[in-house]
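Fold and geometry: a report
Residues per chain, in single letters:
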Amino acid sequence: MTEFAKRVRGVSGDAIREIFAMMADRELLSFGGGSPAKETFPVDEIRAIIDSALSRNPDGLLQYGMTDGWMPLREAYLEHLVRGKGVRADIENVITLTGSTQGMSIVAEAFLDPGDKVLVESPTFLGTLMGLRKLGADCIPVKGDDRGIVIEDLEDKMKRHRPKILYVIPTFQNPTGLTIPEDRRKEIARLAGVYDVIVIEDDPYCELRYSGTPVPPIKSFDGSGHVVMVNSFSKTISPGIRVGAMTADANIIRKASDIRQLADTHGVNLTQEICAEFLNRGHMPGHLKKITPIYEERLAAMLGGISAHFPEECRFTRPEGGLFVWVELPRGTDSAQLLKRSVAEMKVGFIPGGPFFVNPEDGANCFRLNFSSNPPDRIADGMERLGSFLKKAI
Ligand SMILES: Cc1ncc(COP(=O)(O)O)c(C=O)c1O
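Residues numbered from 1 in each chain as written. Predicted model: local features only at pLDDT ≥ 70, side-chain atom pairs only at ≥ 80, totals over all residues. Heavy atoms only, no water.

1. Remarks on the packing of helix H13 (residues 335–346) against helix H14 (residues 376–393)
Axis angle and axis distance: for two packed helices, these are the angle between their axes and the distance between the axes, and together they describe the pair. The geometry of H13 relative to H14 is characterised by a closest axis approach of 11 Å and an angle of 125 degrees between their N-to-C directions. Taken together, the axes of H13 and H14 lie oblique to each other. Considering only the axes of H13 and H14, their crossing is right-handed. Facing H13, whose interface residues are Leu-338, Arg-341, Ser-342, Glu-345 and Met-346, H14 presents Arg-385, Leu-386, Ser-388, Phe-389, Leu-390 and Ala-393. (Axes fitted to C-alpha atoms, helices over the stretch in contact; angles between N-to-C directions. Helix = DSSP H or I, 4+ residues; strand = E, 2+ residues; numbered from the N terminus. Parallel < 35°, antiparallel > 145°, perpendicular 65-115°, else oblique. Left-handed = near helix turned anticlockwise from the far one by under 90°. Contact = heavy atoms within 4.5 Å.)

2. Considering the site of the ligand
With respect to spatial proximity, 14 residues lie near the ligand, and among them Thr-101, Asp-202, Tyr-205, Ser-232 and Ser-234 are the closest. Take Asn-174: an N or O atom from its side chain is 2.8 Å from an oxygen atom of the ligand. Within the contact set of the ligand, an oxygen atom lies 3.1 Å away from a side-chain nitrogen or oxygen of Lys-235. The fraction of the free accessible surface of the ligand (390 Å²) that becomes covered by protein chains is 91%. Considering each element in turn, the shell around the ligand owes the most residues, three residues, to helix H6 (residues 100–111). Here the residues of the shell around the ligand sort into five nonpolar, six polar and three charged. (Near = heavy atom within 4 Å. Polar contact = N/O pair within 3.5 Å; in protein donor to acceptor, adjacent residues only side chain to side chain. Areas by Shrake-Rupley, 256 points an atom, 1.4 Å probe, with all protein chains shown as cover. Nonpolar A, V, L, I, M, F, W, Y, C, P; charged D, E, K, R; others polar.)

3. Re the pattern of salt bridges
Side chains that carry opposite charge are capable of pairing whenever their charged atoms lie near each other. Here the structure, examined in full by the defined rule, presents 24 salt bridges. The shortest N-O distance in the salt bridge between Arg-209 and Glu-320 comes to 2.8 Å. Placement of Arg-209 in the loop between strand E8 (198–202) and strand E9 (227–232) and of Glu-320 in the loop between strand E11 (315–316) and strand E12 (324–328) is noted, with a sequence separation of 111 residues between them. On the accessibility criterion, Arg-209 (14% relative accessible area) is buried. On the basis of relative accessibility, which here comes to 34%, the residue Glu-320 falls in the partly exposed class. (Salt bridge = Lys/Arg side-chain N within 4 Å of Asp/Glu carboxyl O. Buried < 20%, exposed > 50% of the residue type's maximum accessible area, 1.4 Å probe, protein only.)

4. Considerations on the pairing of strand E3 (residues 117–121)
Most of E3 sits out of view: four of its five residues are buried. By the bridge criterion, five bridges tie E3 to strand E4 (residues 138–142) in an arrangement that is parallel. Within E4, the position partnered with Leu-119 by the bridge is Ile-140. Assessed by its sense of winding, the connection that carries the chain from E3 through helix H7 (residues 126–134) to E4 is right-handed. Bridge count for E3 against strand E7 (residues 165–168) is three bridges, and the pairing is parallel. (Pairing = 2+ DSSP bridges. Right-handed = clockwise from strand over helix to strand, strands pointing away.)

5. Description of the domain arrangement of the protein
Examined at the domain level, the protein breaks down into domain 1 (6–41 + 286–393) and domain 2 (44–282). Computed over C-alpha atoms, the centres of domain 1 and domain 2 are 25 Å apart. In this assembly, 33 residues from domain 1 lie in contact with 33 residues from domain 2. When the area that domain 1 buries against domain 2 is broken down by residue, the three leading residues are Glu-320, Phe-356 and Val-358, summing to 24%. At the boundary of domain 1 with domain 2, the tally comes to one salt bridge. Summed over the shared surface of domain 1 and domain 2, the number is eleven residue pairs in polar contact (both at pLDDT 80 or more). Among the elements of the structure, helix H1 (6–9), helix H12 (283–309) and E12 are those that each provide at least two residues to the side of domain 1 that touches domain 2. Among the elements that make up the side of domain 1 that touches domain 2, the one with the highest residue count is H12 (eight residues). (Domains from an automatic or database assignment. Buried area = accessible area lost by both parts, 1.4 Å probe.)

Right under this line is the structure:
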């Protein structure tokens, strides 16, 4: 067969495909996914918005649109989700996206040549790690603790490696669920200016807070224009509509728009209109009030089940929001092997930690649990089963 291009030869989702194939069994209780709960989709609001939008502006919605994004959404995003968080931005600082994934990919493409260095959290979101590798980036992990990225290590690596980009998920991180506090966010923004590093602040979970107080985005402390804040409607409205948005220096937005023109020309007008109207009709605060208790209850069921049933030597995070809990087993444990046995013997699935690390062996003893996709009673049952399995297995 004709050879694939060199730059995509290393691109493979096989490891993840294998994990999900293993968990395709209908009887399996899976904590592997990362999808929002189906009960949270605002179906009635979306139906009403589509009806009125198609009556009001069919030509505009069905015609080609702008590469920078659907203007009503750019404006609504600025007004409802950006300025209120202390970020100074105008319309030229905003582009909407076909899912926030497109933001990471465009910014990486804009700044990276093969071999350029990118600093990432350890662990980090697998999807972005794969995207960065596709571009030939040399990803370097930065140490983390229970307050996220460790600033001393970050500065040391910025000095030594001269990276082009730092990729960070500051709120309810995927996979750990941890949140970087304000003091560290300020330092990240400051260091980005000092060492001339673009920060991709990937923040899809920030609206899903169940306890504690909101923390301002890194972008709100950006005095030098190095921070690109990427947001998503996937976890608040729906992932299937594929809408995200990002805020950055106007030069970066212009380049992003040029690159995006070649990728998909522009986002889908209709789904952008859904998000714009959802914000402009004031649905978002009430919607979040409705859906966060659903997740809060699921998270409590998971943490309660882990505390009650997991072996004492397990460490786990206690997130204040998001969709994930991260579990660390004693060093030397192989979570990928444990997954095979857990699926076969207990019919319970999770995502092994290795793929979330630049060096997979660093996370071999860890795994990620998702609490959004099952009701509390199933979560409680799953944690009891998994706990009794782990007690025997490790
Ligand atoms: C950290 C992180 N960034 C980005 C995404 C993708 O979001 P979107 O659906 O907006 O492309 C996810 C989805 O799981 C995620 O966890």
